Amino acid sequence: MTSTEPGRTAASHQERDVPVRGSRVRVLHAGSGPPLLYLHSAGDPGLWLPVLAELATRYTVYRPDHPGFNASEDRPEIGSVHDLAFFYLDLLDELGLDQLVLIGSSLGGWLAADLATIEPRRVSKLVLAGAAGLRADGTVPDVFQLSPVELAELTYHTSGARSAAVAEAERVEQDAERFGQYLRNRSATAHLGWNPYLHDPALPHRLHRIAAPALIMWGAHDRLLPAGCARRWAELLPSAQLTIIEDAGHHPLAEQPDAALEALWPFLRKER
Amino acid sequence: MQFFGFHLMPYPYLPQRHVDSRDSTWVTLSNGHFDPRRGHELYQRYLRELVFYDEAGFDGICVNEHHQTAYGLMPSPNVVAGLLVPQTTGKIAILGNAIPLRDHPLRVAEEVAMLDVISGGRIISGFVRGIGSEYHTFSMDPTQSRERFHEAHDLIVKAWTQPGPFEWYGRHYKLRYVNPWPRPLQQPHPPIWSPSQGSIETVDWAARHRYTYLQTYSDIATVRRAFTGFREAAERYGYTASPAQLGWSVPVYVAGTDAQARRAAAAHLGFLFNTLLRMPKDVFFPPGYLTPASAARVMGAKRGLGTSTMDPAELMDRGYAVAGSPETVRQQITAYQKDLGFGTFSGIFQFGTVSHEEFTRSVTLFAENVMPALRPLAGGQPAVPAAGAPGA
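Residues numbered from 1 in each chain as written. Chains lettered and ligands numbered in written order. Predicted model: local features only at pLDDT ≥ 70, side-chain atom pairs only at ≥ 80, totals over all residues.

Visitor: When you look at the overall build of chain B in this model, what are you seeing that I'm missing?
Guide: A tally of helices and strands in chain B yields 15 helices and 11 strands. Within chain B, the proportion of its 392 residues that are buried is 50%. Considering only intrachain contacts with a sequence separation of at least 6, the fraction spanning at least 24 residues in chain B is 75%. (Helix = DSSP H or I, 4+ residues; strand = E, 2+ residues; numbered from the N terminus. Buried ≥ 20, exposed ≤ 12 C-beta atoms within 10 Å, placed from the backbone. Contact = placed C-beta atoms within 7 Å.)

Following this line, the structure appears as structure tokens:
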């Protein structure tokens with residue numbers, strides 16, 4: 001997966017297995033410069049998103065598979081996102097990363113925020129995109145009742161992104177190996193977020209510890225987590241700004257990468 | 001062969017628009033559709049029907065546990081069993097308590113022990129995980145279901161058999177004092193049954209513990225596979241499974257003629273399989289509820305119980321249900337018994353929209369014209385302790 005073409009390093013990435021206290025974590029990485037850790041969403045089948053390739057033009061971008069997801073091994077002792085955050089501190093030690101930019105999407109956003117409350121000084125900038133972790137009331141869709149196709153349909157906003165995601169979900173259902181991986185990811189997600197539903201009631205009481213500037217990024221048409229959650233994040237984080245991405249659903253980094261980068265670059269460049 | 005009468009306590013008064021829809025009858029079907037006045041009449045009737053099995057000469061009656069559904073009105077099988085104890089003389093099989101759903105398994109140990117002592121040792125204690133939808137009902141992490149089931153089972157059996165107090169320090173339950181009063185009357189504990197649709201893990205677990213395995217809602221090919229798996233597992237564990245350890249639970253409808261029985265049963269089976277059991281696949285099988293191998297197979301299947309429409313005639317032809325004249329039913333069950341070797345038969349005579357008149361006629365025809373001829377099968381009736389004989 002490496003590219004040796006000059007000037008094209010941004011579009012390619014490498015893959016390595018990192019041993020962490022006896023289990024293997026698959027990490028995609030690319031670029032050079034200060035470290036940036038991207039924490040993926042629950043439905044991410046192991047993608048190197050185009051937005052990561054762009055970020056790799058200025059950062060060394062790391063994109064691990066969470067334990068229990070995709071190509072990373074299970075860690076049965078991890079029973080919560082808080083446990084998972086501690087595991088990630090071990091991974092960061094293993095990678096030798098001290099201060100870094102932290103970006104998380106959906107489940108990964110929740111994880112990023114939790115991690116930043118544990119070691120606030122380790123995080124220079126925090127980006128939460130459609131982040132789970134705060135309570136949305138019982139009127140939001142229950143993702144655990146949805147079929148792969150229904151979930152794809154609800155995740156994206158533009159008709160192009162929706163139909164592409166639905167077609168992809170249908171292909172996954174037909175492919176035994178990929179469907180098995182989908183079910184494993186879903187099971188891992190359920191274990192982390194079944195009850196309380198995809199949030200941690202204790203998290204709001206710890207968020208004041210996060211010192212880093214935070215960018216809260218939300219799709220204008222997020223049908224899985226309402227915009228009220230975005231405002232709540234902005235209220236609870238000491239130094240947060242809120243960016244709404246037009247024509248995007250629950251995954252703005254994937255659905256509108258250009259608009260997302262327009263918001264990301266100035267935020268990342270800004271002196272704190 | 002021993003005979004049990006199973007009752008599902010269905011709530012049949014659903015709006016036609018729900019029946020005609022594809023909406024779930026579990027978890028989210030509004031309880032606004034439950035009319036407590038009609039519910040009162042149903043419970044009175046259903047309890048009479050359960051007692052009727054006992055009076056008609058069945059060895060026992062079966063009750064079960066399900067939640068937030070019109071499929072059955074028995075969220076607490078122990079309450080129903082308690083009501084039946086003074087009205088019956090035979091066994092009462094609770095099939096079963098969904099032990100992982102309980103915050104505290106000792107409550108099950110206590111309740112079943114109470115029922116066993118009060119009934120003079122007539123209780124059969126089934127243990128189940130609860131179906132997948134019930135993990136939605138209680139917002140209970142389905143990925144932990146199997147582990148919780150095993151730990152709750154081990155805790156309950158130890159609480160019944162080892163004098164307390166003792167400490168239990170498990171992954172899911174941590175108890176400083178395990179010492180439930182009363183202890184069960186039957187020694188070492190009430191018989192334990194394991195109802196299942198045939199998962200390899202459950203078949204193996206039941207065989208390992210030498211419990212009675214009860215196959216539910218399956219075609220004959222699946223019943224055969226499960227029973228064969230049970231016998232093979234028993235041999236691996238160093239013993240030969242007895243016929244009584246193999247139970248088959250199946251809807252039964254007996255009428256004067258085959259045509260009458262099949263016509264009537266078709267309507268009730270259609271309501272049972274296509275309305276009462278109906279729910280989305282992701283509700284029936286939440287993430288992690290099944291093992292990865294089972295999940296890939298079940299979730300990838302185009303058809304499935306409750307998740308696709310089933311043709312009642314096909315259900316009868318494939319052995320999901322038995323319907324006919326007494327002669328036909330006798331022949332069918334005899335043939336199935338000779339093929340499959342079960343010694344425990346659990347007939348579900350109340351299912352779907354079966355009326356009280358149909359129920360009593362069907363049960364009476366079965367008890368008088370089918371059961372006597374089938375009794376000698378599987379080596380006759382297994383020895384059971386006499387009802388009401390403490391210490392038997």
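Visitor: Sorry, what's going on with the confidence of the model for chain B here?
Guide: Should the pLDDT be low somewhere, the predicted coordinates at that spot are not to be read in detail. All names here are of chain B. Across chain B, pLDDT averages 95, with 97% of residues at or above 70. Contacts of residues 383-392 to residues separated by more than four positions or lying in other chains number 13 contacts, the stretch itself having pLDDT below 50. Reported for the predicted complex are a pTM of 0.93 and an ipTM of 0.91. (pLDDT = per-residue confidence, 0-100.)

Visitor: Would you mind showing me how to read the packing of helix α2 (residues 81-95) of chain A against helix α3 (residues 107-118) of chain A here?
Guide: The description of two helices packed together rests on the angle between their axes and the distance between the axes. Residue and element names in this part refer to chain A. With their axes 9 Å apart at the nearest point, α2 and α3 run at an angle of 65 degrees to one another. When the interaxial angle is binned, α2 and α3 end up roughly perpendicular. Regarding α2 and α3, the two cross each other, and that crossing is right-handed. Taking contact as the criterion, the partners of Val81, His82, Leu84, Ala85, Phe86, Tyr88 and Leu89 in α2 are, on α3, Trp110, Leu111, Asp114, Leu115 and Ile118. Split into classes, the residues belonging to the contact of α2 with α3 amount to 10 nonpolar, 1 polar and 1 charged. (Axes fitted to C-alpha atoms, helices over the stretch in contact; angles between N-to-C directions. Parallel < 35°, antiparallel > 145°, perpendicular 65-115°, else oblique. Left-handed = near helix turned anticlockwise from the far one by under 90°. Nonpolar A, V, L, I, M, F, W, Y, C, P; charged D, E, K, R; others polar.)

Visitor: Mind showing me how you'd approach the nonpolar core here?
Guide: In summary, soluble globular proteins display a tendency toward joint burial of nonpolar side chains. B:Ile61, B:Ile94, B:Phe230, B:Val252 and B:Ala321 are the most contacted members of the largest nonpolar core, which totals 110 residues. When residues of this core are assigned to their parent elements, the largest contribution, 7 residues, is made by helix α9 (residues 258-276) of chain B. For B:Ala321, the contacting residues outside a window of four places in its chain are B:Val250, B:Pro251, B:Ala265, B:Leu269, B:Leu315 and B:Met316. By size, the runner-up hydrophobic cluster in this structure holds 79 residues, among which are A:Phe69, A:Leu92, A:Ala132 and A:Phe144. (Core = buried A, V, L, I, M, F, W, Y, C linked by C-beta atoms within 7 Å.)

Visitor: Just checking my understanding: could you explain unusual backbone geometry for this structure?
Guide: Excluding glycine, a negative phi dihedral is what most residues carry, and trans is how most peptide bonds are arranged. Of the consecutive residues B:Leu95 and B:Gly96, the connecting peptide bond is found in the cis state with omega at -10 degrees. As for its position among the elements, B:Gly96 is in strand β3 (residues 91-98). Backbone geometry at A:Leu198 places phi at a positive 45 degrees, although glycine is not the residue there. Tracing the backbone shows A:Leu198 in the loop between α6 (176-193) and β7 (214-219). Among the residues examined, A:Leu198 registers 26 C-beta atoms within 10 Å and is labelled buried.

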